[in-house]
Amino acid sequence: MRALKSVGLVALFFPLAPAAMAATQSNISDCQYDASGVESLTDIFTCGKVSGSLRTLYYSTHNAYFSKGFNQDTTSYGGSVKYETAPVYGFRAGVSAIFLRGIDHPDEAHTISDIGDNQTNIGEAYLSWQQDDFKITAGDQRINIPFVGDYDWRITPILFRGVDANYGDSTNYLHATKVWRYKPWGDDQFLNTTAYTDIDERTNGMWAIGGGRGTQWDNKKLTGQLWYQEYADYSRVVYGESHLQWQDRLFQPDVAVQFIRGTSLGKALAGEVNSTSYGAQLALSFTPTLSWKLGYDHIAASPNSWGNGSLVVPYAHNSSSGPYFAQPFFTSTQDLGSGNAYMTNLNYVLNENLSLGTQYSFMDLKPSAQSASINQSEYLVYFTWAFSGVLKGLSVTDFAGVQTSPLYDSHFWQNRLSLQYDF
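Presented here is a report on the structure given in the accompanying data block.

Parameters at a glance
- Residues numbered from 1 in each chain as written.
- Predicted model: local features only at pLDDT ≥ 70, side-chain atom pairs only at ≥ 80, totals over all residues.
- Heavy atoms only, no water.
- Salt bridge = Lys/Arg side-chain N within 4 Å of Asp/Glu carboxyl O.
- Buried < 20%, exposed > 50% of the residue type's maximum accessible area, 1.4 Å probe, protein only.
- Helix = DSSP H or I, 4+ residues; strand = E, 2+ residues; numbered from the N terminus.
- Polar contact = N/O pair within 3.5 Å; in protein donor to acceptor, adjacent residues only side chain to side chain.
- Contact = heavy atoms within 4.5 Å.
- Phe/Tyr/Trp six-rings, centres within 6.5 Å; stacked < 30°, edge-to-face > 60°.

### Some points on the pattern of salt bridges
Thinking step 1. One pass over the full model with this rule turns up nine salt bridges.
Thinking step 2. Between Arg 92 and Glu 84 there is a salt bridge, and its shortest N-O distance comes to 3.7 Å.
Thinking step 3. Under the relative-accessibility criterion, Arg 92 is labelled partly exposed at 26%.
Thinking step 4. By relative accessible area, Glu 84 is classed as buried at 10%.
Thinking step 5. In this structure, Asp 140 and Arg 161 form a salt bridge, with 2.7 Å as the shortest nitrogen-oxygen distance. With Asp 140 in strand β5 (residues 134-141) and Arg 161 in strand β6 (residues 159-168), the pair connects residues that are 21 residues apart, well separated along the chain.

This is how it looks when you write it as structure tokens:
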């Protein structure tokens with residue numbers, strides 16, 4: 001009932017947004033400027049761009065994370081609205097407002113914290129400068145590098161306070177990042193802690209440097225990326241990934257490998273880190289609209305280190321499996337232990353409105369040397385319906401699934417239903 005109530009409330013308000021935003025964007029599109037940007041102080045603001053994402057989310061868990069009888073059902077709405085100025089001599093400024101409100105929340109114990117507390121604050125607030133293929137952004141912003149990203153499917157995004165610089169494009173690039181603070185999903189403040197909420201010590205954040213390279217080779221595309229990251233007083237991480245795609249062969253097979261190595265750094269606040277992972281992936285495109293992916297990762301056991309050899313990545317803990325090829329949707333591979341992880345995903349885009357898919361993952365992982373394997377299976381189905389016409393930008397998405405594990409002798413169910421308007 002909460003799901004129906006939340007969808008109904010948002011449906012009353014969101015249909016007003018497309019027309020209003022279209023008028024705003026129409027005025028902005030009348031502005032003309034070259035690579036050097038606008039010429040007048042007035043045009044910096046009047047030729048800027050408005051964007052954002054408004055959504056309501058019904059988030060339900062039953063036997064939450066294998067705790068028998070512990071159920072959580074939470075419905076909230078909110079999002080972010082951003083304004084970015086037009087460029088002048090390569091400079092732009094951006095600022096966003098974030099907000100979140102609950103709908104008929106249960107008691108605190110049965111409210112999911114990621115979308116439980118009200119939020120009202122400034123989200124992004126940055127200054128960027130771009131010249132040709134080089135761009136640098138300083139301030140509160142979204143960042144997207146391995147194990148440091150916004151993973152934006154809840155209501156307000158994860159944001160980072162720092163400096164982010166990139167030279168090149170999405171394939172051939174050099175990238176450097178320094179982060180001092182971060183804003184998690186469930187808070188509207190920038191914190192000097194991490195996603196390890198049981199560790200209350202301050203951290204100086206992280207820094208990373210990475211690069212990517214791609215080349216065409218006899219109708220095959222070869223790409224790769226390599227990263228080095230340091231999380232202050234937590235861990236050092238080296239991450240590498242490479243893909244080889246046969247573009248002129250049946251199903252256009254894409255074969256990929258990855259390597260992830262983590263070691264302790266400084267105070268090692270999460271514990272000793274000694275993590276080594278190897279992965280392989282095969283992706284096939286049966287048609288332009290039907291794709292299949294099979295992923296595997298091996299995490300080497302290390303009995304005296306955190307999580308029996310698990311990877312310590314402070315901003316992705318309990319948030320996402322990041323670039324791991326084999327990952328469940330509801331939990332995170334790097335938090336589950338050492339051993340073997342498998343994942344397969346089938347996705348079908350029926351038309352411009354409907355895409356749907358299913359995913360299965362199996363985590364043969366041991367959280368400690370003394371523990372049996374969790375043998376966790378996750379069965380997931382999902383779909384997105386994107387509206388068109390006057391409701392373009394509005395979509396409905398649902399992820400529903402169950403995890404099973406003989407180690408915990410329980411079934412963990414979860415459903416995430418969202419109504420979203422992007423503009």
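### Observations concerning the side chain of Asp 114
Thinking step 1. Looking at the element boundaries, Asp 114 is found in the loop between β3 (91-102) and β4 (119-131).
Thinking step 2. Polar side-chain contacts of Asp 114 include one of 2.7 Å to the side chain of Arg 154.
Thinking step 3. What Asp 114 contacts, discounting residues up to four positions off in sequence, is Arg 154, Trp 185 and Gly 186.

### Thoughts on the environment of Ser 410
Thinking step 1. Residue position: Ser 410 is located in strand β18 (residues 410-422).
Thinking step 2. Ser 410 gets classed as buried once you look at its relative accessible area, which sits at 6%.
Thinking step 3. Along the backbone, Ser 410 and Gly 69 are 341 residues apart, and their C-alpha atoms lie at a distance of 9.7 Å.
Thinking step 4. Not counting the four nearest positions on each side in its chain, Ser 410 is found in contact with Asn 63, Phe 66, Lys 68, Gln 403, Thr 404 and Ser 405.

### Regarding the packing of aromatic side chains
Thinking step 1. Applying the stated rule across the entire model yields 27 aromatic pairs.
Thinking step 2. Consider the rings of Phe 91 and Trp 129, whose centres lie 6.3 Å apart with planes at 45°: the pair is tilted. Here Phe 91 is found in strand β3, whereas its partner Trp 129 is found in strand β4, with 38 residues between them in sequence.
Thinking step 3. For Phe 91, a relative accessible area of 40% puts it in the partly exposed group.

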